[in-house]
Amino acid sequence: MSTAAAADAPSMRAVPPNRLIAFYRSSIGKKWIVALTGLVMVGFVVVHLIGNLQIFLPPAYINAYAAKLKSLGPVLWLFRISLFAAFVLHVINTIQLSRMNRVAKGERYVKEATVQATVASRTMFYSGLILLAFIIFHILHFTLGWIPTENIHVMDYAPEAGNAKDPLLHNVWKMLVGGFRNPFVSVFYLVSMGLLCMHLSHGVESTVQTLGLRTKPLARPARYLSWGLGWAVFLGNAAIVLAILFGFIK
Ligand code: HEM
């Protein structure tokens with residue numbers, strides 16, 4: 001660790017608020033925030049994917065799962081607010097870091113340095129921007145129901161939605177099937193999932209590095225973990241979209 005980075009590193013003792021602010025403003029502090037908020041979002045993406053894969057089971061499963069999530073009430077809101085806060089901190093600190101890097105290194109050096117970099121690492125900022133557009137579209141589409149595709153927010157009687165207990169149930173299964181029958185929507189999702197794969201396949205590796213875990217013996221496993229996670233998320237999500245688009249789920 002350089003002397004400057006060592007001076008920035010968090011201390012285990014109680015840190016006075018002005019040191020916390022100084023840490024937040026330092027480049028190492030911003031890297032930590034980007035890394036930790038990124039991990040929170042990776043956790044969400046993996047859990048979200050596992051939940052969504054229930055589309056391959058009879059409709060009762062995913063509909064009951066969605067109803068269970070909605071029934072969490074304030075806990076769900078706490079979770080949504082935390083996820084949103086992680087997201088905002090991630091975006092703001094990434095933008096600030098890229099500005100700081102540009103100022104510190106100068107344009108010429110940045111251009112030379114990228115020769116060694118992978119496509120995924122060079123395009124992190126842009127893949128992140130497109131993912132931002134995807135998340136806005138996705139929430140307008142499924143959470144708010146403002147994008148007109150088939151069966152948005154249909155409330156079905158329980159037997160039809162596949163659940164015997166509730167009288168009326170949001171038929172999420174029907175909503176997903178209706179949503180991905182639209183080829184434009186499906187293609188947009190597939191492209192976004194490809195970018196998410198690129199973003200994760202570099203992001204997880206640089207998180208491991210920021211947290212100081214990318215030691216020599218761990219460098220290769222960290223790379224495999226990063227790529228494995230990126231591809232697993234891509235393949236899982238793409239399988240949902242393609243299975244519906246090509247009529248395997250209908
Ligand atoms: C094919 C892939 C995906 C499917 C089928 C899917 C499906 C869904 C569904 C059904 C909902 C809930 C809508 C409702 O309120 O009833 C939802 C919400 C959401 N999804 Fe996805 N999703 C996918 C990918 C993603 C990805 C990759 C991300 C993040 C990068 C993401 C982030 C979110 C967020 C933030 C919400 C809002 C959560 C909330 O309102 O509590 N989704 N998604």
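Analysis parameters
- Residues numbered from 1 in each chain as written.
- Predicted model: local features only at pLDDT ≥ 70, side-chain atom pairs only at ≥ 80, totals over all residues.
- Helix = DSSP H or I, 4+ residues; strand = E, 2+ residues; numbered from the N terminus.
- Buried ≥ 20, exposed ≤ 12 C-beta atoms within 10 Å, placed from the backbone.
- Contact = placed C-beta atoms within 7 Å.
- Core = buried A, V, L, I, M, F, W, Y, C linked by C-beta atoms within 7 Å.
- Near = placed C-beta within 6 Å.
- Nonpolar A, V, L, I, M, F, W, Y, C, P; charged D, E, K, R; others polar.
- Expected span 1.5 Å × (residues − 1).
- Arc of directions from axis to C-beta.
- pLDDT = per-residue confidence, 0-100.
- Axes fitted to C-alpha atoms, helices over the stretch in contact; angles between N-to-C directions.
- Parallel < 35°, antiparallel > 145°, perpendicular 65-115°, else oblique.
- Left-handed = near helix turned anticlockwise from the far one by under 90°.

Caption draft 1: Up close: the overall build of the protein. Helix and strand content of the protein: 12 helices and two strands. In sequence order, the protein lays out its α and β elements as α-α-α-α-α-α-α-α-β-α-β-α-α-α. Counting across all 250 residues of the protein, residues that qualify as buried make up 22%. Within the protein, contacts between residues separated by at least 24 positions form 70% of all contacts whose residues are at least 6 apart in sequence.

Caption draft 2: Up close: the environment of Val40. Inspection of the secondary structure assignment puts Val40 in helix α3 (residues 27-52). For Val40, a count of 16 C-beta atoms within 10 Å puts it in the partly exposed group. Through-space distance from the C-alpha of Val40 to that of Phe87 is 8.9 Å; in sequence the pair is 47 residues apart.

Caption draft 3: Examining unusual backbone geometry more closely. In the Ramachandran plot, Asn151 falls in the positive-phi region, its phi being about 55° despite a non-glycine side chain. Following the sequence through the fold, Asn151 ends up in the loop between α8 (124-143) and β1 (155-157). Here His153, not a glycine, exhibits a phi torsion of approximately 50°, which is positive. Topologically, His153 is positioned in the loop between α8 and β1. What makes His153 partly exposed here is the crowd of 13 C-beta atoms within 10 Å.

Caption draft 4: Summary view of the nonpolar core. Ile55, Ile62, Ala66, Val172, Trp173, Met175, Leu176, Phe180, Tyr189, Ile240, Val241 and Ile244 form the largest nonpolar core, which has 12 residues in total. Going through the elements one at a time, α4 (59-70), α10 (172-180) and α12 (216-245) are the ones with two or more residues in this core. Considering each element in turn, this core owes the most residues, five residues, to α10. Non-local contacts of Met175, meaning those with residues more than four positions away in its chain, are made with Phe142, Asn151, Ile152, His153 and Val154. If you look at the next biggest cluster of nonpolar residues, it comprises 10 residues, including Leu195, Cys197, Val204 and Val208.

Caption draft 5: Main features of the site of the ligand. Taken together, 17 residues lie near the ligand, and Asn52, Phe142, Thr143, Asn237 and Ile240 sit nearest. Where the shell around the ligand is concerned, the elements lending two or more residues are α3, α8, α10, α11 (183-210) and α12. Per-element accounting of the shell around the ligand gives the leading share, five residues, to α8. For the shell around the ligand, the class distribution of residues is 11 nonpolar, five polar and one charged.

Caption draft 6: Main features of the environment of Ser201. As for its placement among the helices and strands, Ser201 is situated in helix α11. Its 22 C-beta neighbours within 10 Å are what place Ser201 among the buried residues. Distance in space between the C-alpha atoms of Ser201 and Gly228 is 7.5 Å, their sequence separation being 27 residues.

Caption draft 7: Representation of α8 within the structure. Between its terminal C-alpha atoms α8 stretches 27 Å, which fits the 28 Å expected from 20 residues at 1.5 Å a residue. Every buried residue of α8 is listed here: Ser127, Leu131 and His141. The buried residues of α8 occupy one face: seen down the axis, they fall within an arc of 85°. Exposed and oriented more than 90 degrees from the buried face of α8 are Phe125, Leu132, Ala133, Ile136, Ile139 and Leu140. Buried-residue contacts for α8 involve α10 and α11. Among the residues trailing α8, Gly145 stands out with phi positive, at a value near 70°.

Caption draft 8: Examining the confidence of the model for the protein more closely. Counting all residues, the mean pLDDT for the protein is 85, and 86% of those residues have values of 70 or more. Per-residue pLDDT stays below 50 along residues 109-116; that stretch engages in three contacts with residues further than four places along the chain or on separate chains.

Caption draft 9: Structural detail: the packing of α8 against α11. Where α8 meets α11, the closest approach of the two axes is 9 Å, and the angle between their N-to-C directions is 135°. Between α8 and α11, the angle falls in the class oblique. With respect to the hand of their crossing, α8 and α11 are arranged in left-handed fashion. Counting all contacts with α8, which are made through Met124, Ser127, Gly128, Ile130, Leu131 and Phe134, the residues of α11 involved are Ser192, Leu195, Leu196, Met198, His199 and His202. Across the contact of α8 with α11, the residue classes tally to seven nonpolar, five polar and no charged.

Caption draft 10: Spatial organisation of α3. Counted at 1.5 Å a residue, the expected span for α3 with its 26 residues is 38 Å, and the 37 Å between its end C-alpha atoms agrees. Listed as buried for α3 are Lys30, Lys31, Trp32, Ile33, Val34, Thr37 and Gly38. Contact partners of the buried residues in α3: α5 (74-105) and α11.

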